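# Structural characterization, general
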Amino acid sequence: MSALPRPFNPPARVLMGPGPSDVPPRILAALARPTVGHLDPSFIQLMDEVKALLQMAFMTGNDLTLPVSGPGSAGMETCFVNLLEPGDTAIVAVNGVFGQRMKENVERAGAGAVLVEVEWGHPVDPAKVEAALKAHPEARLLAFVHAETSTGVESDAETLCALARKYDALSVVDCVTSLGGIPVRVDAWGADAVYSGSQKCLSCVPGLSPVTFSPRAVQRIRGRNRKVQSWFMDLNLVMGYWGAGAKRAYHHTAPINALYALHESLLMLAEEGLEKAWARHLRLHLALRAGIEAMGLSFLADESCRLPQLNAVRVPEGIDEASVRTQLLERFGIELGAGLGPLAGKIWRIGLMGASASASNVLLCLGALESTLAGMKAPIHVGAALPAAMAKI
Ligand SMILES: *Cc1c(COP(=O)(O)O)cnc(C)c1O
């Protein structure tokens with residue numbers, strides 16, 4: 001190498017896409033504390049606290065509650081490889097990108113996936129799910145996404161988990177984008193396996209995936225006929241380090257500093273209070289919505305199923321959406337998300353997740369979007385968005 005690279009100093013950004021969200025300085029500071037050993041008594045205490053804080057966030061008493069060492073997709077894969085065996089059948093509801101990813105996981109675990117599809121932009125249809133459960137009494141589980149980040153849609157987790165129980169299937173619920181932003185009531189729903197991610201409404205750094213398993217799910221994992229094909233994700237082994245009364249035996253080296261950060265972010269959530277965090281996401285969504293609609297733009301999802309933390313906004317006719325995102329990034333440092341799959345070029349995804357759900361971000365985003373669209377001669381009302389949003393903040 002002729003010249004050494006210089007240390008990486010990231011540009012200042014306002015993260016208002018589908019994740020990661022802005023990480024507060026307090027969490028970054030926690031990350032920078034000295035590394036200790038993963039079996040250090042002080043670290044064991046931190047693990048116990050992380051587990052208790054996750055139980056609070058998930059609203060569960062589940063003993064098997066821990067952060068998987070890996071991003072949200074690792075939590076997803078942990079659920080499927082532990083709960084399915086080759087030849088099993090799983091019903092997978094697909095209403096966006098992450099339902100499709102669940103199907104991939106089911107098939108790679110050697111199981112068969114029965115798909116229950118709806119058009120993207122709509123919630124999972126419980127009647128279709130019930131028909132599939134009836135038609136497939138052999139199905140061992142029902143998997144669905146609570147908060148579909150690709151479309152900004154919430155599905156009715158309580159009803160879907162109840163259906164799974166009625167037909168004696170386990171429920172696997174993707175709460176990557178919901179945890180901390182809208183109610184996730186694991187015990188009240190009777191959900192069996194739930195996974196999330198650190199970098200969305202928890203506003204932690206990416207790379208950890210909180211998961212929780214009901215006693216029914218644990219029974220299934222302990223009673224498997226075959227070993228889990230993934231050594232790394234085999235919860236029977238991971239429980240030796242994270243489980244209740246575990247000897248904290250070495251399995252893999254925990255991502256120590258990332259866990260300091262998760263601990264700090266969960267502490268911030270506990271200090272704010274779950275209900276207050278949900279209310280903040282909703283209030284700022286309503287402010288953003290007022291501004292978006294005052295400008296003359298509209299949402300993809302119906303308001304009955306709209307996620308506060310992920311706003312899928314339709315791109316006006318004739319506007320190059322990628323050019324808008326580039327200008328927002330270059331002129332204002334704002335990152336928005338693009339549409340995926342069939343929605344590519346048709347929507348922007350505006351995230352109001354965790355620390356990114358702030359009044360200043362809502363106003364900055366609306367002002368920047370308005371000036372950019374006006375500069376491109378888009379057919380919008382100029383001057384209406386900020387007063388409309390201010391009235392709701
Ligand atoms: C972000 C996301 C994931 C994947 O998380 P990664 O951390 O990117 O692996 C899964 N499901 C949903 C709904 C998500 O929003």
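## Some words on the nonpolar core
Taken as a class, soluble globular proteins show a tendency for nonpolar side chains to be buried jointly. With 96 residues, the main nonpolar core has Phe-43, Phe-80, Leu-83, Met-102, Leu-141, Val-172 and Phe-213 as its most contacted residues. In this structure, this core is formed jointly by two domains, domain 1 (25–270) and domain 2 (273–390), each of which donates at least three residues. Residues in contact with Phe-213, not counting those within four places in the same chain, are Asn-62, Leu-64, Thr-78, Cys-79, Leu-83, Asp-192, Ala-193, Val-218, Ile-221 and Leu-235. Membership of the second largest hydrophobic core comes to 30 residues, among which are Leu-284, Ala-287, Ile-292 and Ala-389.

## Quick notes on the site of the ligand
With respect to spatial proximity, 13 residues lie near the ligand, and among them Ser-73, Thr-149, Asp-174, Gln-199 and Lys-200 are the closest. In the model, an oxygen atom of the ligand is placed 2.8 Å from a nitrogen or oxygen of the Gly-72 main chain. Residue Asp-174 places a side-chain N or O atom 2.6 Å away from a nitrogen atom belonging to the ligand. For the ligand, whose unbound accessible area comes to 380 Å², protein coverage reaches 88%. When contributions to the shell around the ligand are tallied by element, the ones reaching two or more residues are helix H3 (72–83) and helix H4 (97–108). Counted by class, the shell around the ligand contains five nonpolar, five polar and three charged residues.

## Quick notes on a nonpolar patch on the surface
On the surface, a nonpolar cluster with roughly 300 Å² of combined accessible area is contributed by Trp-231, Phe-232 and Leu-237. Topologically, Trp-231 is positioned in the loop between helix H8 (215–222) and helix H9 (235–242).

## Observations regarding the domain arrangement of the protein
Structurally, the protein comprises domain 1 (25–270) and domain 2 (273–390). For domain 1 and domain 2, the distance between their C-alpha centres works out to 29 Å. Note on domain 1 versus domain 2: buried area summed over both sides is about 2000 Å², and carbon and sulfur give 69% of it. Viewed at the interface, domain 2 and domain 1 are joined by zero salt bridges. Along the contact surface separating domain 1 from domain 2 lie eight residue pairs in polar contact (both at pLDDT 80 or more). Put simply, the parts of the chain that give the side of domain 1 that touches domain 2 at least two residues each are helix H2 (41–58), strand E6 (147–148), strand E7 (153–154) and helix H10 (256–272). Tallied by class, the residues present in the side of domain 1 that touches domain 2 amount to 14 nonpolar, ten polar and four charged.

## Quick notes on the packing of H3 against H4
At their nearest, the axes of H3 and H4 sit 9 Å apart, and the two run at 45 degrees to each other. Taken as axis vectors, H3 and H4 run oblique relative to one another. Of the two possible hands of crossing, H3 and H4 adopt the one that is right-handed. Here H3 contributes Ser-73, Met-76, Glu-77 and Phe-80 to the contact with H4, which in turn contributes Phe-98, Arg-101, Met-102, Asn-105 and Val-106. Grouping the constituent residues of the contact of H3 with H4 by class yields five nonpolar, two polar and two charged.

Parameters and conventions
- Residues numbered from 1 in each chain as written.
- Predicted model: local features only at pLDDT ≥ 70, side-chain atom pairs only at ≥ 80, totals over all residues.
- Heavy atoms only, no water.
- Core = buried A, V, L, I, M, F, W, Y, C linked by side-chain atoms within 4.5 Å.
- Buried < 20%, exposed > 50% of the residue type's maximum accessible area, 1.4 Å probe, protein only.
- Domains from an automatic or database assignment.
- Contact = heavy atoms within 4.5 Å.
- Near = heavy atom within 4 Å.
- Polar contact = N/O pair within 3.5 Å; in protein donor to acceptor, adjacent residues only side chain to side chain.
- Areas by Shrake-Rupley, 256 points an atom, 1.4 Å probe, with all protein chains shown as cover.
- Helix = DSSP H or I, 4+ residues; strand = E, 2+ residues; numbered from the N terminus.
- Nonpolar A, V, L, I, M, F, W, Y, C, P; charged D, E, K, R; others polar.
- Patch = residues over 30% accessible without salt bridge, like charges linked within 9 Å, V, L, I, M, F, W, Y side chains within 5 Å.
- Salt bridge = Lys/Arg side-chain N within 4 Å of Asp/Glu carboxyl O.
- Buried area = accessible area lost by both parts, 1.4 Å probe.
- Axes fitted to C-alpha atoms, helices over the stretch in contact; angles between N-to-C directions.
- Parallel < 35°, antiparallel > 145°, perpendicular 65-115°, else oblique.
- Left-handed = near helix turned anticlockwise from the far one by under 90°.

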